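Residues per chain are reported as follows:
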Amino acid sequence: MLEIKNLWAGYEERTVLKNLNLTIPEGKVTVILGPNGCGKSTFLKSLCGILNIESGQVILDGTDLLSQPPRQLAQSIAYLSQSRQIPDITAYRLVLHGRFPYLGYPRRYRKEDHAIARSVMEQMGVLELADTLMEKLSGGQRQKVYIAMALAQDTPVILLDEPTTYLDISHQMQLMQHARALAQQGKTVLMVIHDLSHAFQTADNLILMCDGEVVAEGTTERIYASGWIEKVFHVRLGRAETLGGWRYYCEEGDS
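Residues numbered from 1 in each chain as written. Predicted model: local features only at pLDDT ≥ 70, side-chain atom pairs only at ≥ 80, totals over all residues. Heavy atoms only, no water.

Enquirer: Even after reading the chapter, I still don't get the nonpolar core, so can you show me in this structure?
Expert: Proteins that are soluble and globular tend to have nonpolar side chains buried together. In terms of nonpolar packing, the biggest core is built from 49 residues, with Val31, Leu33 and Ile229 touching the most fellow members. The biggest single contributor to this core is helix α5 (residues 139-152), with seven residues. Those residues within four positions of Val31 in sequence are excluded, and the remaining contacts are Met191, Ile193, Ala199, Ala203, Asn205, Leu206 and Ile207. (Core = buried A, V, L, I, M, F, W, Y, C linked by side-chain atoms within 4.5 Å. Buried < 20%, exposed > 50% of the residue type's maximum accessible area, 1.4 Å probe, protein only. Helix = DSSP H or I, 4+ residues; strand = E, 2+ residues; numbered from the N terminus. Contact = heavy atoms within 4.5 Å.)

Laid out in structure tokens, this is it:
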């Protein structure tokens, strides 16, 4: 269980996150929703130590993560950002970077590290691209390789910031299935996605943010019934019952 207590964070003179208090359940997929600029990415960066917080705590199983050395923190939380430079290395070497927090000195990869890298690449369907330079891959292929790198880090908590970027519809659906599978393995999965239908279809819990604050949180049913989606996004959220369960959709609302 990941606990966020009295979290304040921002950039230089501008505070973005304002006194966030949340509990992110273990073995569940939690999705963060909110309009552009509301603090979603800032929130993820503050949880994994990329952004120095102003005050507050991030606690995992009783340990304040942000008080831990970087290496120990990286063994607890894996983070995939929404924008990245393309390194001049092969896909396999990039995935191996996910094992870096576990390496001693000198920095030499072990058989275990190679086995994990190959396993997660196979899981993401990119093992055949292992020897291909990252710059030669399509946007969707690169995204899956980056996700494999995050999985190779083998942490109890995984943070994904807009992981469906560059993926076509089929691969977006596959990614949502991967998120569900990770949660079923006991991982705490926290991700930012903009597609409301994917969010409601995949998440066990939703966090709705606006202007650096949490305005609603809870199960998909609770958020759907609350009316907060309409208030924040100015859309009408509807749903239809199918053989596979509820399917959610948006229509243009009042501006």
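Enquirer: Explanation requested: the pattern of salt bridges in the structure shown.
Expert: Where charged atoms of side chains with opposite charge meet at close range, the side chains can pair. Counting across every chain of the model gives eight salt bridges. The salt bridge partner of Arg99 is Glu112, with a shortest N-O separation of 3.9 Å. You can see Arg99 sitting in the loop between α3 (91-96) and α4 (111-123) and its partner Glu112 sitting in helix α4, a full 13 residues away along the chain. Across the pair Arg236 and Glu251 runs a salt bridge, and its minimum N-O distance is 3.8 Å. Here Arg236, found in strand β11 (residues 235-242), pairs with Glu251, found in strand β12 (residues 245-252); they are 15 residues apart in sequence, far enough to count as distant. (Salt bridge = Lys/Arg side-chain N within 4 Å of Asp/Glu carboxyl O.)

Enquirer: Please explain the packing of α4 against α5 as it appears in this structure.
Expert: Each pair of packed helices gets described by two things: the angle between the helix axes and the distance between those axes. With their axes 9 Å apart at the nearest point, α4 and α5 run at an angle of 135° to one another. One element, α4, and the other, α5, form an angle in the oblique class. Between α4 and α5 lies a crossing whose hand is right-handed. Contacts from Ile116, Val120, Met121 and Gln123 of α4 reach α5 at Ala148, Leu151 and Ala152. (Axes fitted to C-alpha atoms, helices over the stretch in contact; angles between N-to-C directions. Parallel < 35°, antiparallel > 145°, perpendicular 65-115°, else oblique. Left-handed = near helix turned anticlockwise from the far one by under 90°.)

Enquirer: Looking at this structure, I do not really get unusual backbone geometry. What am I missing?
Expert: Across residues other than glycine, the phi torsion is negative in most instances, and most of the peptide bonds are trans. Here Tyr166, not a glycine, exhibits a phi torsion of approximately 75°, which is positive. Its relative accessible area of 59% is what places Tyr166 among the exposed residues. Positive phi values are uncommon outside glycine, yet His234 reaches one of about 60°. As for its placement among the helices and strands, His234 is situated in the loop between α9 (228-233) and β11. Here His234 falls in the partly exposed class, since its relative accessible area comes to 45%.

Enquirer: Even after reading the chapter, I still don't get the state of the cysteines, so can you show me in this structure?
Expert: Covalent bonding between the sulfur atoms of two cysteines defines a disulfide. Counting across every chain of the model gives zero disulfides. As a non-bridged cysteine, Cys38 has Cys210 as the owner of its nearest cysteine sulfur, 6.9 Å distant. The cysteine Cys250 is free of any disulfide, with Cys38 supplying the nearest cysteine sulfur at 16 Å. Judged by its relative accessible area of 40%, Cys250 is partly exposed. (Disulfide = S-S within 2.5 Å.)

Enquirer: Mind showing me how you'd approach the sheet that holds strand β7 (residues 157-161) here?
Expert: In a beta sheet, neighbouring strands pair by backbone hydrogen bonds and run either parallel or antiparallel. Across the sheet, which stays open at both edges, the six strands sit in the order β6-β7-β8-β3-β9-β10 with mixed pairing between neighbours. Edge positions in the sheet fall to β6 (77-80) and β10 (213-218), since each of these pairs with one other strand and no more. The sheet shows a mean angle of 15° between the axes of neighbouring strands, direction not considered. Bridging between strand β9 (residues 205-210) and β10 involves five bridges; their strand directions are antiparallel. In the strand pairing of β10, Leu206 is matched with Gly218. Lying on the sheet, helix α6 (residues 169-184) is in contact with β3 (29-33), β7 and β8 (188-192); it crosses β8 at an angle near 150°. (Pairing = 2+ DSSP bridges.)

Enquirer: Just to check I follow, could you spell out the side chain of Gln143 for this structure?
Expert: Structurally, the position occupied by Gln143 is in helix α5. Gln143 gets classed as buried once you look at its relative accessible area, which sits at 2%. Excluding anything up to four places from it in sequence, Gln143 contacts Arg84, Glu162, Pro163, Thr164, Thr165, Tyr166 and Leu167.

Enquirer: Could you clarify how one ought to interpret the side chain of Asp113 in this entry?
Expert: Assignment of secondary structure puts Asp113 in helix α4. A distance of 2.8 Å separates the side chain of Asp113 from the backbone nitrogen of Arg110, its partner in a polar contact. Residues in contact with Asp113, not counting those within four places in the same chain, are Leu96, Arg99, Leu103 and Arg108. (Polar contact = N/O pair within 3.5 Å; in protein donor to acceptor, adjacent residues only side chain to side chain.)

Enquirer: Would you explain the packing of aromatic side chains in this entry?
Expert: Geometry of an aromatic ring pair is reported as the spacing of the ring centres plus the angle between the planes. Taken as a whole and assessed by the stated rule, the structure comprises two aromatic pairs. Taking 4.8 Å as the distance between ring centres and 35° as the angle between the ring planes, the aromatic pair formed by Phe200 and Tyr248 counts as tilted. One end of the pair, Phe200, is in helix α7 (residues 196-202); the other, Tyr248, is in strand β12, with 48 residues separating them in the sequence. Measuring from ring centre to ring centre gives 5.6 Å for Tyr224 and Tyr248, while their planes differ by 70°; the resulting arrangement is edge-to-face. Linking Tyr224 in helix α8 (residues 220-226) with Tyr248 in strand β12, this pair joins segments that are 24 residues apart in sequence. Classification of Tyr224 by relative accessible area gives partly exposed; the value is 22%. An aromatic cluster is built from Phe200, Tyr224 and Tyr248, whose rings are joined through pairwise contacts. For Lys231, the ring lying beneath its charged end belongs to Trp228, and the centroid distance is 4.6 Å. (Phe/Tyr/Trp six-rings, centres within 6.5 Å; stacked < 30°, edge-to-face > 60°. Lys NZ or Arg CZ within 6 Å of the ring centre and 35° of its normal.)

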